[in-house]
Amino acid sequence: MIKLDARLKMAAEEVRPGKRIADIGTDHAYLPAFLIENNICPSAIAADIGKGPLENARKITSTSKDLSDRIELRLSDGLKEIKEDEVDDIVIAGMGGILIAEILTAAPWVKDENKRLILQPMSHAEDVRKYLCENGFEIIKEKACTDGRHNYIIIVAEFRNKENDKDEAFYYKGLIQYDESEDAQKYHNARMASLIKKRDALKKAGQNVEDIEKIING
Ligand SMILES: C[S@@+](CC[C@H](N)C(=O)[O-])C[C@H]1O[C@@H](n2cnc3c(N)ncnc32)[C@H](O)[C@@H]1O
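Since the structure is predicted, the reported quantities are computational estimates derived from the model, not experimental observations.

(A) Representation of the site of the ligand within the structure. Looking at the ligand, there are 16 residues lining it, with Arg7, Gly25, Asp48, Gly78 and Ala93 nearest. One nitrogen or oxygen atom from the side chain of Arg7 is found 2.7 Å from an oxygen atom belonging to the ligand. Interatomic distance of 3.0 Å between a backbone N/O atom of Ala93 and a nitrogen atom of the ligand. Taken by itself the ligand offers 590 Å² of open surface, and the protein chains cover 76% of this. Looking at the shell around the ligand, the elements with two or more residues in it are helix H1 (6-12), strand E4 (89-95) and helix H5 (97-105).

(B) Spotlight on unusual backbone geometry. The backbone of Asp27 shows a phi angle near 50°, a positive value even though the residue is not glycine. As for its placement among the helices and strands, Asp27 is situated in the loop between strand E1 (21-24) and helix H2 (30-37). By relative accessible area, Asp27 is classed as partly exposed at 31%.

(C) Geometry of the pattern of salt bridges. Going through the model one piece at a time under the given rule, you end up with 23 salt bridges. Put simply, Lys9, Glu13, Glu14, Lys141 and Lys143 are held in one network by salt bridges that share partners.

(D) View of the packing of aromatic side chains. The full count for this structure, using the stated rule, is two aromatic pairs. Their ring planes at 40° and their centres at 5.9 Å tell us that Tyr131 and Phe137 sit as a pair that is tilted. A ring pair is formed by Phe137 and Phe159, whose centres lie 5.4 Å apart and whose planes are at 70°; its orientation type is edge-to-face. Taken together, the positions of Phe137 in strand E6 (residues 137-147) and Phe159 in strand E7 (residues 150-159) put the pair 22 residues apart, joining distant regions of the chain.

(E) Structural context of the sheet that holds E7. Taken in spatial order, the seven strands of this open sheet run E3-E2-E1-E4-E5-E7-E6, and their pairing is mixed. The open sheet terminates on both sides in strands that have one partner only, identified here as strand E3 (71-75) and E6. Looking at each pair of strands side by side, their axes are set apart by 15° on average, direction ignored. Across 10 bridges, the pairing between E6 and E7 is antiparallel. Bridge assignment links Ile139 to a residue of E7, and that residue is Ala157. Its contacts with the sheet put H2 on E1, strand E2 (44-48), E3 and E4, and the angle it makes with E1 is roughly 155°.

How each quantity is defined
Residues numbered from 1 in each chain as written. Predicted model: local features only at pLDDT ≥ 70, side-chain atom pairs only at ≥ 80, totals over all residues. Heavy atoms only, no water. Near = heavy atom within 4 Å. Polar contact = N/O pair within 3.5 Å; in protein donor to acceptor, adjacent residues only side chain to side chain. Areas by Shrake-Rupley, 256 points an atom, 1.4 Å probe, with all protein chains shown as cover. Helix = DSSP H or I, 4+ residues; strand = E, 2+ residues; numbered from the N terminus. Buried < 20%, exposed > 50% of the residue type's maximum accessible area, 1.4 Å probe, protein only. Salt bridge = Lys/Arg side-chain N within 4 Å of Asp/Glu carboxyl O. Phe/Tyr/Trp six-rings, centres within 6.5 Å; stacked < 30°, edge-to-face > 60°. Pairing = 2+ DSSP bridges. Axes fitted to C-alpha atoms, helices over the stretch in contact; angles between N-to-C directions. Contact = heavy atoms within 4.5 Å.

This is the structure in C-alpha cells:
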C-alpha cells in the first residue's frame, strides 16, 4: 500500500471522492496510486513531460492489476494531451508557481464549474493566486503543512466566473490565517522573510519599495 508524505496527503484529502483525476507532473504516480488503492477515485491519468518519470510511475502501477488497469500513464506537457471530458479534478503538485500558472493558462478548458484544481506550488504561490483570481476562479481553500524542515501549501480552486476583487497583498498571503495552526504560522513567517529580503534588495538597487512595503505591512 502506498503511504503518502504530509504534502501529498494534504493534496489527496482535497480530491473529491468518485471523481476522475489527472495528476500533472506525476513522477512516481504516488498520488494516483494512493487514490486508487483507497477507492477514492475510479480512474486516474498520471501525466508527466518526461519519459523517465513515467517509467518511475510504471514501476508503481505495475505492482498491481488494479493500479495498472485504472491508472493511465500519459506523456504530456502540462495539460496539452489531456482532454476536457476525461477528468474532473486536476492535481498539479511539486512544481513552481510560475510553471503551474503557465500550464493552466495553456488549457483554457480548465475554466469549468464542474472541475476542481488542487495546486501545490513549491514557490511563487502569488503567481498561482493571481492566475486564479484573474481568470474567474474562487480559491475555496488553502492549507499548510510542515514535513521535516520544509513548509508546504496547497491551493484548492473552482471556476465560478467571478470578478477579481483581490489585491497584491492577497496574492502573496492567500487564505491561510496566521493563527489557524503552527504550520500556518511557519508559512507566514517564511513568506514574510522572503518579502523582506526582496524589499531590501530592491532598496539596495535604488528602486521604489512602496508596493512591497504595503504588502509587508498590510
Ligand atoms: C518534483 S516532481 C513532483 C512529483 C509529484 N507531483 C510530487 O508532487 O511529488 C515534478 C515533476 O513534474 C514534471 N514536470 C515538469 N514540467 C512539467 C510539465 N510542463 N508538464 C508535465 N510535467 C512536468 C517533472 O518531469 C517531474 O516529474
